[in-house]
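For reference, the chains in residue letters:
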Amino acid sequence: QLQAFGGGLVQPGGSLRLSCAASGTIFSIDAMGWYRQAPGEQRELVAIITTGGTTNYADSVKGRFTISRDNAKNTVYLQMNSLKPEDTTVYYCNAKLRRHYSDYTKDYWGQGTQVTVSS
C-alpha cells in the first residue's frame, strides 16, 4: 500500500511538498516516482528516482521540482517550487517493488492527491 500526503491549494509561485510512504511486506523497492493526470488525459511522469538516487524529470518541471527518497522509511518526496496554474491536477505516487524475494517487480500506486495552483 502507498499512502500519499501533502496536496492542497497554493497561490502561483508558491510551494508544496508531497510525500508518499510504502507499507506492508516489502522485500525491495526499485524506482519510486510521481505522476500526474488531468481529466481526460493520460497519466504522465513528473519525476522518478532510483534506489541509488538517479533522478529524471519531465521537462515541464525541471528546475522547479525536486524528488528525493528515504530508503529507510520507504518514502518518496516531491518538493514543488514556483508552482504554476498548469501544475494543477491530481498527483499519484508510484513504487516498483517486490513484496517477497520470489516476486517479480510490480507497480504499486498511491490514492492520488489534488494539487491546485490558483490565486
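Up top is the structure.
Residues numbered from 1 in each chain as written. Predicted model: local features only at pLDDT ≥ 70, side-chain atom pairs only at ≥ 80, totals over all residues. Heavy atoms only, no water.

Undergrad: I'm lost on the environment of D70 in this one. Help?
TA: Topologically, D70 is positioned in strand β7 (residues 65-70). Residues D70 and A21 lie 49 residues apart in sequence; the distance between their C-alpha atoms is 9.4 Å. Excluding anything up to four places from it in sequence, D70 contacts T75 and Y77. (Helix = DSSP H or I, 4+ residues; strand = E, 2+ residues; numbered from the N terminus. Contact = heavy atoms within 4.5 Å.)

Undergrad: What is the right way to look at the nonpolar core in this model?
TA: What tends to happen in soluble globular proteins is that the nonpolar side chains get buried as a cluster. Among the nonpolar cores identified, the biggest contains 28 residues, and W34, V46, F65, I67, L78, M80 and Y91 are the most heavily contacted of them. Once residues lying within four places of it in the same chain are set aside, the contact partners of I67 are M32, G33, W34, A47, I48, I49, T55, Y57, V76, Y77 and L78. (Core = buried A, V, L, I, M, F, W, Y, C linked by side-chain atoms within 4.5 Å. Buried < 20%, exposed > 50% of the residue type's maximum accessible area, 1.4 Å probe, protein only.)

Undergrad: Any chance you could explain the environment of T50 here in plain terms?
TA: If you trace the backbone, T50 turns up in the loop between β5 (44-49) and β6 (55-57). A relative accessible area of 31% places T50 in the partly exposed class. Separated by 19 residues in the primary sequence, T50 and A31 have C-alpha atoms spaced 4.2 Å apart. With residues near it in sequence (within four places) discarded, T50 still touches D30, A31 and R69.

Undergrad: Whenever I open this one, the sheet that holds strand β8 (residues 75-80) confuses me. Can you help?
TA: Across a sheet, paired strands are connected by hydrogen bonds in the backbone, their directions being either parallel or antiparallel. The strand order across the open sheet formed by four strands is β1-β3-β8-β7, and the pairing between neighbours is antiparallel. The outermost strands of the open sheet, each flanked by one partner alone, are β1 (2-5) and β7. Taken over all neighbouring pairs, the strand axes of this sheet differ in orientation by 15° on average, direction set aside. Bridge count for β1 against strand β3 (residues 16-22) is four bridges, and the pairing is antiparallel. For L2, the partnering residue across the bridge sits in β3 and is A22. (Pairing = 2+ DSSP bridges. Axes fitted to C-alpha atoms, helices over the stretch in contact; angles between N-to-C directions.)

Undergrad: Help me understand the state of the cysteines in this model?
TA: A covalent bond bridging the sulfur atoms of two cysteines is what the word disulfide describes. Counted by the stated rule, this structure contains one disulfide. Each sulfur of the disulfide joining C20 and C93 lies 2.1 Å from the other. What sets the handedness of the C20 and C93 disulfide is the S-S torsion sign, and at about 50° it is right-handed. One end of the pair, C20, is in strand β3; the other, C93, is in strand β9 (residues 89-98), with 73 residues separating them in the sequence. (Disulfide = S-S within 2.5 Å.)

Undergrad: Looking at this model, I keep getting lost on unusual backbone geometry. Mind explaining?
TA: Leaving glycine aside, a negative phi is the common case for residues, and trans is the common case for peptide bonds. Phi at N74 is positive, roughly 50°, even though this residue is not glycine. Among the structural elements, N74 can be located in the loop between β7 and β8. Backbone geometry places S82, a non-glycine residue, at a positive phi of 50°.

So, to be careful, I would describe these as geometric facts and stop short of saying anything about function.
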